[in-house]
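# Examining the three-dimensional arrangement
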Amino acid sequence: MTSRTAPPGPDPDQPVFSVWGPDGASIHCRICGAVDEVVFTEVPSMAGYGEDTSARCTRCGSAETTDPIFGWRATPATWPPPLEPHQP
Ligand SMILES: [Zn+2]
């Protein structure tokens, strides 16, 4: 049997996005590599106070969200998208 190490995959504790560009004015998706394809939304939180914010990559769907109850969390998408196995 071959021994396998943990496959490189999404880590919910790792940030999805990082600043990018010489002046840090762009946002880089660390999952799929898209730059400035991030949509930010802010909505009043269902917690009744504060607001929920989210940043979502329009290319791969990875997201970072923040809300008053759970705080920050990342929801990395699977990238590249898994291909359907097509074995003969
Ligand atoms: Zn992405």
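Residues numbered from 1 in each chain as written. Predicted model: local features only at pLDDT ≥ 70, side-chain atom pairs only at ≥ 80, totals over all residues. Heavy atoms only, no water.

As named in an unreviewed UniProt entry, the protein chain is Small CPxCG-related zinc finger protein, taken from Micromonospora sicca.

## Observations concerning the coordination of the zinc ion
Here is the rule: Any N, O or S atom lying within 2.8 Å of the metal counts as a donor, with the limit raised to 3.2 Å for Na, K and Ca; because water is left out of the atom set, some sites can appear incomplete. The geometry test gives tetrahedral to four donors whose angles all lie between 85 and 135 degrees, gives square planar to four donors and octahedral to six donors whose opposite members are over 155 degrees apart with all other angles between 65 and 115, and gives irregular to the rest. What counts as a helix is a DSSP run of H or I of at least four residues, what counts as a strand is a run of E of at least two, and both are numbered from the N terminus.
Donor atoms from the polypeptide that bind the zinc ion are Cys29 (SG), Cys32 (SG), Cys57 (SG) and Cys60 (SG), placed at 2.3 Å. The coordination sphere of the zinc ion comprises 4 donor atoms, whose angles at the metal cover 107 to 114°; the geometry is tetrahedral. Along the chain, the residues donating to the zinc ion fall in the pattern C-x2-C-x24-C-x2-C. With Cys29 in strand S2 (residues 26-29) and Cys57 in strand S4 (residues 51-57), this residue pair connects regions lying 28 residues apart in the sequence.

## A look at the pairing of strand S1 (residues 17-20)
Going by this rule: A pair of strands is treated as paired once DSSP finds two or more bridges between them.
The pairing of S1 with S2 spans 4 bridges and is classified as antiparallel. The residue of S2 that forms the bridge with Ser18 is His28. Between the antiparallel neighbours S1 and S2 lie 5 residues, among them Gly21 with a positive phi of about 95°.

## Topic: the environment of Glu42
Rule in force here: Buried residues are those whose accessible area, probed at 1.4 Å on protein chains only, stays under 20% of the maximum for their type, while exposed residues exceed 50% and partly exposed ones sit between those limits. Residue contacts are counted whenever heavy atoms from the two residues lie within 4.5 Å of one another.
Take Glu42: it is sitting in strand S3 (residues 38-44). A residue is classified by how much of its surface remains accessible, and Glu42, at 55% relative accessible area, is exposed. Put simply, Glu42 and Thr53 are 11 residues apart on the chain and 4.4 Å apart in space, counted from C-alpha to C-alpha. Apart from the residues lying within four places of it in its own chain, the contact partners of Glu42 are Glu51, Asp52 and Thr53.

## Looking at the pairing of strand S6 (residues 71-75)
The two faces of the sheet receive side chains in turn, since in a regular strand these alternate between them. Relative to S6, strand S5 (residues 63-67) runs antiparallel, the two sharing 5 bridges. The residue bridging Thr65 from the neighbouring strand is Arg73, located in S6. Hairpin connection between S5 and S6: a loop of 3 residues separates the two successive antiparallel strands.

## What about the sheet that holds S4?
This is how it is decided: Convention adopted: a line fitted to C-alpha atoms gives each axis, helices being fitted over their contacting stretch, and angles between N-to-C directions are expressed from 0 to 180 degrees.
Strand order in the open sheet made by the 4 strands is S3-S4-S5-S6, with antiparallel pairing throughout. Since the sheet does not close on itself, it has two edges, and those belong to S3 and S6, each with one partner. Within this sheet the neighbouring strands show an average axis-to-axis angle of 15°, counted without direction. Relative to S5, S4 runs antiparallel, the two being bridged by 4 bridges. Paired with Thr53 across the bridge in S5 is Thr66.

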